[in-house]
Amino acid sequence: MTSFEAGDHRDDVVLGGSFAGAPTGVLPLRQGARGWIAHEAGPGLDDAGVGGLPISDDFDVPAAAIATMSSRIAFGDGLLTGVVSRVNRAGAALGIESGMSGTRAAEAMLQAPRGVFRTVDGIVDESTITLVEGPTGGIYSCWSSSRVQGRHPEDVFLLASHGALTMALYVLEIAPKGVIVNDAGRALDDSGIEGLAELGKHGVAAAAVSAETARIGDPASTYDGVISAVNEVARGLGVLVGQP
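Because the structure is predicted, anything quoted here is derived from the model rather than measured. (Residues numbered from 1 in each chain as written. Predicted model: local features only at pLDDT ≥ 70, side-chain atom pairs only at ≥ 80, totals over all residues. Heavy atoms only, no water.)

S.K.: Is there a simple way to think about the overall build of the protein in this case?
M.R.: A tally of helices and strands in the protein yields eight helices and ten strands. By the compact-globule yardstick of 18 Å for 244 residues, the protein fits well, its C-alpha radius of gyration being 17 Å. With the principal axes as the frame, the protein shows a C-alpha extent of 55 × 30 × 30 Å. Evaluated residue by residue, the protein yields a buried proportion of 53% over its 244 residues. Summing over all exposed atoms, the protein offers an accessible surface of approximately 10,100 Å²; the carbon and sulfur share of this is 53%. Both charge centroids of the protein, one from 16 positive and one from 29 negative side chains, sit 3 Å from each other. (Helix = DSSP H or I, 4+ residues; strand = E, 2+ residues; numbered from the N terminus. Rg over C-alpha atoms; globule rule 2.2 N^0.38 Å. Buried < 20%, exposed > 50% of the residue type's maximum accessible area, 1.4 Å probe, protein only. Areas by Shrake-Rupley, 256 points an atom, 1.4 Å probe, with all protein chains shown as cover. Lys, Arg positive; Asp, Glu negative; His and termini not counted. Charge placed at Lys NZ, Arg CZ, Asp CG, Glu CD.)

As structure tokens, this is what we get:
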């Protein structure tokens, strides 16, 4: 979804491979999209995986989420063959409903009025928060590593986004010592956590918290979640499934 942070999308329906939560849902709104579809990611604790849908209603923009186990997460095209599980009021007004294919939902959204650029400032906190800081490194939280500047070889980041392969690409750019993400309900083919193994190839300790125990999109909630998956590097450090 962060791929849509530039350009004019007022004529477009956006297929955002990431979760349909608040932090990702505001991105196509900002760029003027006439409608958007993303992944349900659980929807997990407090339905956070679909938290962007009601926000989109505030701007009268249709939005829908594809069922967690019907599509891989972080693969935009895969949403077309997935099945709609949630739709907001603006989408329902266009005839979109649960059980419909992503393709049919996207085609219906093309009937929405041409989009406009929207101001979404203040809806989502995109700052990096310091949790622990010391001489051997720090622990920080942020909703996505795409919001972190520079390289951090001594630090650990708690991120509120999914653990798919695209997550690993972003994380490698900041080169942390370790990272904890959200498993996004695992998703089809365990795609919600497959980035953990990729980070392990680069020596980065990585783990995921269960979407049922932590609100995806909420960095503070990641800190309170329960570990559901780990890579070999993290396991070698004593990180285990079931730990807080």
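Continuing now.
S.K.: Just checking my understanding: could you explain the layout of surface pockets for this structure?
M.R.: Where empty space is left can be seen by rolling a probe of water-molecule size over the atoms. Roughly 360 Å³ of internal volume is contained in the largest pocket. For the lining of the largest pocket, the secondary structure elements donating two or more residues are strand S7 (156-162), strand S8 (178-182), strand S9 (205-209) and helix H7 (219-224). Among the elements that line the lining of the largest pocket, the one with the most residues is S9, at four residues. When the residues that make up the lining of the largest pocket are grouped by side-chain class, the tally is 15 nonpolar, four polar and one charged. (1 Å grid on protein atoms, 1.4 Å probe; cavity = no way out; pocket = protein on both sides within 12 Å on 5 of 7 lines; lining within 4 Å. Points joined across faces, edges and corners; volume = space filled by probe spheres on them. Nonpolar A, V, L, I, M, F, W, Y, C, P; charged D, E, K, R; others polar.)

S.K.: Can you walk me through the pattern of salt bridges in this structure?
M.R.: Pairs may arise between side chains of opposite charge once their charged atoms sit close together. Scanning all chains against the criterion turns up 14 salt bridges. Note that Asp-190 and Arg-186 form a salt bridge whose closest N and O atoms lie 3.0 Å from each other. For Asp-190, a relative accessible area of 34% puts it in the partly exposed group. Close ionic contact of Glu-198 with Lys-201 constitutes a salt bridge, the shortest N to O distance being 3.4 Å. With a gap of three residues between them, Glu-198 and Lys-201 both fall in helix H6 (residues 195-201), about one helical turn apart. Salt bridges linked by common partners bring Arg-30, Glu-126 and Arg-147 together as one network. (Salt bridge = Lys/Arg side-chain N within 4 Å of Asp/Glu carboxyl O.)

S.K.: Would you explain the pairing of S9 in this entry?
M.R.: With respect to burial, S9 is a largely interior element, five of its five residues being buried. Here S9 shows a buried face lined by Ala-205, Ala-207 and Val-209 and a second buried face lined by Ala-206 and Ala-208. The sheet contact formed by S8 and S9 spans five bridges and is parallel. Bridge pairing in S9 places Val-181 opposite Ala-208. (Pairing = 2+ DSSP bridges.)

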